[in-house]
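# Observations on the three-dimensional arrangement
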Amino acid sequence: MIFTIENIASMVLGGVAAGMVLFIVSVGLSVTMGLMGFVNLAHGAFAMLGGYIIVLSMRHLGVGFIPALAIGFVMTAAVSIVFERVLYSRLYKAGELDQVLFTIGLAFVFIAALTVFIGPENQPLTLPPELRGQLDLGIVQYRTYSIFLIIVGVAIVIALWLGFERTRFGAQIRAAVDNRRMAESLGINIDRLFAITFGFGSGMAALGGGLGAEFLGLDPQYALKYLVFFLIVVAVGGAGSIVGVFCASLIIGVLDFVLKKYLPQGGTLFIYALTILLLLWRPQGLFGKPS
Amino acid sequence: MMKRILAATAALAISASLASAQEVKVGVNLPYTGIGAEFAQLIDRGMELYLKLNADKVKPYSIKLIKRDAKNPAGNDSRVATQELLTQDNVDILAGWVYSPNAIASAPVVTAGKKLAVIMNAGTAHITNMSPYYVRTSFSMWHSGYPMGEAAAKQLGAKTAVVGYTDFPPGKDELAAFKRAFEGSGGKVIDEIPMGGAGAVPDFTPFFQRAKDKKPDVFFVFIPAGDHAAAVVKTYGALGMREAGIKLIGPGDITQDTKLQAMGDAAVGLITMHHYHADLDNAENKRFVAAWKKEYGANTTPDFMAIGGYDGMALIVHIVQQLKGKIDGDKAIAAAKTFKSNSPRGPFSIDPETRDIVMNAYLSEVVKGKDGKLSQKVLSTTPNVKDPCKALKVPPCG
Amino acid sequence: MSAPTVFDHPAARALSRRHRLRWWEPLPWILALAFYFMFPRYLGFGTELLIMVLFAISLDLALGYAGIVTLGHAAFFGAGAYTVGMLAHHGIWNEPISSLFIGAAVAAAIGLASGLVLLRTTGLTLLMLTLCTMALLEEAANLGHDWTGGFDGLTGISIPPLFGLFEFNPLFPKTQYLYVLGALLICFVFVRTLVYSPFGHSLTGIRENTLRMHAVGAPVRTRLVVCYTISAALAGIAGGIWAQANAYVNLSTLGLDRAATVLIILVLGGYGRLYGAFVGAVAYMALSHFLAKVYPTAWQLGLGFLLVTIALFARGGIIGLGETLMARLRPKLKPKPPS
């Protein structure tokens with residue numbers, strides 16, 4: 001195999017774009033896990049809900065792709081805040097296995113409801129013409145949508161980082177992740193913090209559901225089908241760390257791409273072996289704090 | 001009191017046996033939930049539509065469908081469903097099976113139950129060898145792979161090919177069939193790319209990038225129908241493979257009718273080999289497609305899954321008439337072997353030796369109509385294809 | 001203080017009574033036998049159910065008693081199933097009972113090897129590590145399709161009659177049902193004895209307070225690994241017997257679906273309670289089986305609501321709910337004697 005510049009560039013672009021989808025969906029899962037210690041296996045269900053809202057509003061309301069993403073974000077966030085206040089908040093003090101039972105049950109309900117009311121079939125996403133086809137980057141021609149995804153992903157990580165590190169609200173979240181009791185006794189309204197963070201995380205998942213539909217498809221099984229990959233990213237990155245999730249997504253996205261291209265005979269063997277090695281090397285994740 | 005109950009039960013039993021003289025119970029084994037739910041719906045609709053359109057052909061008998069969820073490709077749920085359909089519901093005929101592993105797991109139960117079982121999708125070639133009561137009205141992977149290999153070399157003039165396939169038995173069947181015919185006709189398969197298992201993420205970019213680097217004349221792709229089809233065509237378009245002079249070809253799974261419109265312009269020019277698509281130009285098919293759209297909505301379309309269910313029901317009705325409503329497994333198999341029909345997919349019959357289907361294979365190209373809609377145009381027809389896997393005695397079929 | 005007073009102490013009495021047979025304990029077995037006679041047409045489902053109970057008990061030992069939260073337990077189920085299946089398919093060995101022992105040994109070996117490496121971690125990391133180990137095995141089984149049959153699975157597993165007498169009939173699986181019931185009983189008695197032994201108590205201690213167990217000098221890691229290995233062996237038996245009852249093995253034995261289902265069943269029934277596996281498996285499987293019969297397309301909705309409701313309103317699953325209700329009723333029935 002010849003490693004030309006064109007070859008390497010296309011691999012990096014493809015891998016990074018795949019990683020960005022992982023990042024956008026998983027970041028919310030990581031933050032809720034780090035902040036609330038809640039094992040939310042229904043996170044994929046919120047990503048799916050968002051994806052459905054985005055695709056269906058484009059198809060039936062004639063909304064453009066970007067406004068549809070905004071609608072998907074807002075509606076999913078709103079729905080998830082209701083869920084958080086009414087249901088999730090009852091289980092914060094329960095054991096993690098009760099949380100697992102609850103969120104799996106919730107995912108089943110989402111899957112069955114979408115199958116019954118909308119149908120079992122895949123919902124195709126029609127990209128606007130500007131995002132289809134190829135873009136000439138000088139050294140290499142590459143899929144326009146992949147490049148769009150990379151730009152969006154980088155913009156999101158910068159915005160999230162600034163929000164986390166530079167705003168008062170971000171400081172409150174960091175304080176609550178580090179020491180919830182202390183943060184509470186300092187007068188931080190933990191309930192409100194949890195609700196907003198949860199809503200925001202689900203909104204991000206919704207964006208990921210819509211943006212990733214081109215690669216991952218969108219059907220009722222989405223809720224559980226890709227959950228393992230999202231969990232791998234969170235575990236490898238370290239729960240609660242935005243930079244960690246970002247790096248883990250990129251590492252897994254690019255390595256998975258390269259291995260699939262050059263050693264397709266290995267199937268998914270490598271991605272799991274890689275995860276095991278990374279987790280044995282750093283059990284708390286790349287950027288997680290040792291417990 | 002006890003006497004009255006007994007009398008009532010006896011009366012019920014008598015009326016039940018009277019009803020069953022006219023009523024034929026068909027046990028349906030399909031994955032109504034999970035990843036196969038979409039296919040189950042298509043096959044289910046195909047069966048129901050046949051019964052609705054051909055009510056007069058069924059008379060004086062009536063057919064009752066008893067539907068059971070096979071849930072997943074694990075085999076055991078489908079096996080239990082088969083077993084209960086036979087022992088609890090006392091069905092006369094079994095039908096369904098989307099996933100090959102489920103048909104394989106059910107085979108010993110079907111054999112022990114001695115009832116005709118109509119496979120309406122599961123395409124792993126050797127399944128029909130596994131029970132003498134299996135009859136298939138769908139396809140085997142070799143039905144498309146083998147003629148496509150010949151056509152790619154002879155009609156498309158391809159010298160080199162790369163094959164990308166989903167890494168599970170139907171994919172391997174398809175690869176083996178294509179490779180055998182293509183290389184037998186003077187072509188050369190220069191790379192074989194397993195593209196992950198059946199449940200893997202449908203992001204094909206790395207595999208297609210690899211295929212593009214090899215610069216073959218044709219890129220033959222097999223993926224299971226469903227979600228993956230649109231992704232294949234989109235990736236092909238977005239990576240500029242057409243501009244690089246690589247033709248995308250495959251079995252009809254990659255141009256499944258239900259997914260075709262969503263593929264957009266990238267699909268134009270795609271060449272596939274299959275036994276059915278909704279644009280086949282014959283009277284039976286026009287009637288079928290029109291009835292389908294009337295029944296299930298103008299935006300829906302039947303596809304090769306639906307026709308498996310539709311023709312399967314045609315076979316069942318034929319058997320019910322032949323045996324005058326009294327279904328016995330061995331007689332039903334004998335009746336199935338004489339079945340010939342003019343179906344929406346063209347003429348088809350059951351091969352008396354293998355109990356597998358004999359049907360036409362159509363080489364088609366995706367074209368864009370004036371209304372902007374995509375459709376498939378038949379380029380040529382290979383008539384009466386018998387499952388080449390069995391005809392050529394390729395292990396494990398032969 | 002003399003010895004008799006120590007044994008007379010209420011706490012000592014309670015402890016010595018813990019492992020005694022309670023009046024209701026034969027009940028599940030009587031019900032299982034009654035099922036055999038009353039519902040001969042449901043034995044296929046019954047066999048699946050009993051295998052799931054056995055599998056859930058094996059998980060209960062690791063998760064409920066030792067507190068090892070794993071999402072990869074199907075690795076051992078599959079190891080047992082493939083061992084039994086491949087030995088029979090390739091014509092090496094197919095006597096049913098000894099095959100199960102071989103399956104258990106292979107599963108135990110995998111449990112020991114992976115336990116030694118993985119059990120240093122906890123929480124999400126352990127969850128993902130067990131899951132990825134299982135996924136590795138599944139992919140390996142897929143890639144090794146020449147031996148394992150890959151996605152389509154291995155067929156042609158012929159099991160000779162049990163004790164040379166009882167045939168495995170695919171249509172009326174009577175032998176399979178009783179065979180599985182017998183295996184379940186033996187495994188259950190073993191697990192019950194184990195959890196009430198000093199070893200079992202030390203496991204509970206590790207689950208409740210690892211630090212303190214370290215402090216009192218208990219060999220925590222060793223005990224966890226031993227427990228994990230035993231649990232793996234039991235899961236291997238469950239898998240092996242599944243392969244025999246179905247005359248079939250495929251990738252689903254190693255899949256996340258199976259691992260997640262058994263976890264759900266155990267949590268639903270109540271983990272760390274021995275009988276949670278029975279209650280959970282019956283509730284989950286009966287509900288999904290009969291709902292799926294009536295509503296083949298929408299049964300998951302009902303199942304989902306059940307899980308959500310139990311998680312929200314019951315701690316410790318269905319058995320935990322029962323315990324809470326009993327505890328509320330009891331003071332009324334039996335007023336405390338004045339102290």
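Just so it is clear, the structure is predicted and the values come from calculations on it, not from any experiment.

For chain C, the helix and strand inventory stands at 16 helices and 0 strands. Taking 339 residues into account, the globule formula puts the C-alpha radius of gyration at 20 Å, and chain C, at 21 Å, falls close to it. Dimensions of chain C along its principal axes, counting C-alpha atoms only, are 70 × 45 × 40 Å. Counting only contacts in chain C whose residues sit at least 6 apart along the sequence, the fraction spanning at least 24 positions is 76%.

Secondary structure assignment for chain A yields 12 helices and 2 strands. When the helices and strands of chain A are listed from N to C terminus, the series reads α-α-α-α-β-β-α-α-α-α-α-α-α-α. Against the globule reference of 19 Å for 291 residues, chain A gives a C-alpha radius of gyration of 19 Å, in line with a compact fold. Dimensions of chain A, computed from the C-alpha atoms along their principal axes, are close to 60 × 45 × 35 Å. When burial is assessed residue by residue, chain A has 56% of its 291 residues classed as buried. Long-range pairs, those at least 24 residues apart, make up 78% of the contacts in chain A between residues at least 6 apart in sequence.

A word on the interface of chain A and chain C. At the junction of the two partners, chain A supplies 34 residues and chain C supplies 34 residues. Only α4 (96–117), α10 (227–237) and α12 (269–281) of chain A provide two or more residues apiece to the side of chain A that touches chain C. At 15 residues, α4(A) tops the list of elements feeding residues into the side of chain A that touches chain C. Residues that form the side of chain A that touches chain C fall into these classes: 27 nonpolar, 5 polar and 2 charged.

Another aspect to go through is the environment of A:G62. On the secondary structure map, A:G62 appears in the loop between α2 (43–61) and α3 (65–86). Separated by 113 residues in sequence, A:G62 and A:A175 have C-alpha atoms that sit 43 Å apart.

Now for the confidence of the model for chain C. All names here are of chain C. Per-chain confidence: chain C averages 87 in pLDDT, with 95% of residues scoring 70 or above. Mean pLDDT per element in chain C: helix α1 (residues 3–8) is the minimum at 60, and helix α6 (residues 96–118) is the maximum at 95. Here the predicted complex scores 0.88 on pTM and 0.87 on ipTM.

This next bit is on the nonpolar core. Grouped together as the largest cluster of nonpolar side chains are 344 residues, with contacts concentrated most on A:L101, A:A107, B:I93, C:V53, C:L54, C:A56 and C:L307. Residues lining this core come from more than one domain, with at least three contributed by each of domain 1 (2–139 + 283–355) and domain 2 (142–274 + 360–391) of chain B. Beyond its immediate chain neighbours, meaning those up to four positions away, C:V53 contacts C:L184, C:A277, C:F278 and C:A281.

All names here are of chain B. Pairing geometry for strand β10 (residues 271–274) and strand β13 (residues 357–368), over 4 bridges, is antiparallel. Within β13, the position partnered with I271 by the bridge is E365. Two elements, strand β12 (residues 346–350) and β13, share 3 bridges in a ladder whose sense is antiparallel. Across the sheet, the residue bridging to S349 is V358, located in β13. Between the antiparallel neighbours β12 and β13 lie 6 residues, among them R355 with a positive phi of about 60°.

Attention now goes to the interface of chain A and chain B. With 27 residues of chain A at the contact, the number on the chain B side is 31 residues. Secondary structure elements with two or more residues in the side of chain A that touches chain B: α1 (5–36), β2 (141–143), α8 (190–216) and α11 (242–262) of chain A. Across the side of chain A that touches chain B, the residue classes break down as 9 nonpolar, 12 polar and 6 charged.

What follows concerns the packing of α6(C) against helix α12 (residues 220–246) of chain C. Residues and elements named next belong to chain C. Following both chains from N to C, one finds α6 and α12 inclined at 140°, their axes separated by 7 Å at the closest point. In terms of their interaxial angle, α6 and α12 are classed as oblique. Where α6 crosses over α12, the two elements pack in a sense that is right-handed. Class assignment of the residues belonging to the contact of α6 with α12 gives a composition of 16 nonpolar, 10 polar and no charged.

Before going further, it helps to spend a moment on the sheet that holds strand β4 (residues 116–119) of chain B. The strands making up a sheet associate through hydrogen bonds between their backbones, and the pairing can be parallel or antiparallel. All names here are of chain B. As summarised here, the arrangement of the 5 strands in space is β2-β1-β3-β4-β5, forming an open sheet in which the pairing is parallel. Taken across any chain shown, the strands that pair with only one partner, and hence form the sheet edges, are β2 (62–69) and β5 (134–136). Mean inter-strand twist for the sheet, computed between neighbouring axes without regard to direction, equals 25°. Direction of pairing for strand β3 (residues 93–96) relative to β4: parallel, over a ladder of 4 bridges. Looking across to β4, one finds that A95 is bridged to V118. On top of the sheet, helix α2 (residues 37–53) reaches β1 (23–30), β2 and β3; it is set at about 165° to β1, its chief contact.

Along the chain, the position of B:K373 falls in the loop between β13 and β14 (374–386). Considering only alpha carbons, one finds B:K373 and B:L260, 113 residues apart in sequence, at a separation of 9.3 Å.

It is worth spelling out the pairing of strand β11 (residues 340–343) of chain B at this point. Here 4 bridges tie β11(B) to β12(B), and the two strands are oriented antiparallel to one another. Residue pairing for β12(B): B:S341 is matched across the bridge by B:F348.

Looking now at the packing of helix α5 (residues 74–89) of chain C against α12(C). Residues and elements named next belong to chain C. As a packed pair, α5 and α12 sit with axes 6 Å apart at the nearest point and diverge in direction by 45°. Taken as axis vectors, α5 and α12 run oblique relative to one another. Crossing handedness for the pair α5 and α12: right-handed. Residues F76, F77, G78, A79, G80, A81, T83, V84 and G85 of α5 lie in contact with α12, whose contacting residues are A232, A235, G236, I237, A238, G239, G240, W242, A243 and Q244. Classifying every residue of the contact of α5 with α12 by side-chain character gives 11 nonpolar, 8 polar and no charged.

Mean pLDDT over chain A works out to 88, with 98% of the residues at or above the 70 mark. Between the elements of chain A, mean pLDDT differs from a low of 81, seen in strand β1 (residues 134–136) of chain A, to a high of 95, seen in α3(A).

This part covers the environment of B:Y362. Residue and element names in this part refer to chain B. Looking at the secondary structure, you find Y362 in strand β13. Since 25 C-beta atoms lie within 10 Å of it, Y362 is described here as buried. Note: C-alpha distance between Y362 and D253 (109 residues apart in sequence) is 13 Å. Setting aside chain neighbours within four positions, we find Y362 in contact with H274, L280, V378 and T381.

In this section: unusual backbone geometry. All names here are of chain B. P60 follows K59 through a cis peptide bond whose omega is 5°. Topologically, P60 is positioned in the loop between α3 (55–58) and β2. Positive phi outside glycine occurs at N90, with the angle close to 50°. Within the fold, N90 resides in the loop between α4 (76–87) and β3.

Conventions adopted
- Every chain begins its residue count from 1, and numbering advances along the sequence as written.
- As they are written, the chains are lettered A onward and the ligands numbered 1 onward, keeping that order.
- In keeping with the predicted nature of the model, local features appear solely for residues at pLDDT of at least 70, side-chain atom pairs appear and are counted solely at 80 or more, and the whole-chain, interface and lining totals rest on all residues.
- Every helix listed is a DSSP run of H or I at least four residues long, and every strand listed is a run of E at least two residues long, numbered separately from the N terminus.
- We compute the radius of gyration over the C-alpha atoms and compare it with the globule rule, which gives 2.2 Å times the number of residues raised to the power 0.38.
- Here, residues touch in the contact sense if the C-beta positions derived from the backbone fall within 7 Å of one another.
- Neighbour density around each residue's C-beta defines its exposure: 20 or more other C-beta atoms within 10 Å make it buried, 12 or fewer make it exposed, and counts between make it partly exposed, where C-beta atoms are placed from the backbone.
- Residues are grouped as follows: nonpolar covers Ala, Val, Leu, Ile, Met, Phe, Trp, Tyr, Cys and Pro; charged covers Asp, Glu, Lys and Arg; every other residue, Gly included, is treated as polar.
- Along the chain, pLDDT gives the predictor's confidence residue by residue, from 0 to 100.
- To define a nonpolar core, we join buried Ala, Val, Leu, Ile, Met, Phe, Trp, Tyr and Cys residues through C-beta atoms within 7 Å and take the resulting set.
- In this entry, domain limits derive from an automatic or database-based domain assignment.
- Strand pairing is defined by DSSP finding a minimum of two bridges between the two strands.
- Under this scheme, a helix contributes an axis fitted over its contacting stretch, all axes are lines through C-alpha atoms, and angles between N-to-C directions fall in the 0 to 180 degree range.
- These descriptions rest on fixed angle ranges, namely under 35 degrees for roughly parallel, over 145 for roughly antiparallel, 65 to 115 for roughly perpendicular, and the rest for oblique.
- In this scheme, a crossing is called left-handed if the near helix is turned counterclockwise away from the far one by less than a right angle; it is called right-handed if the turn is clockwise.

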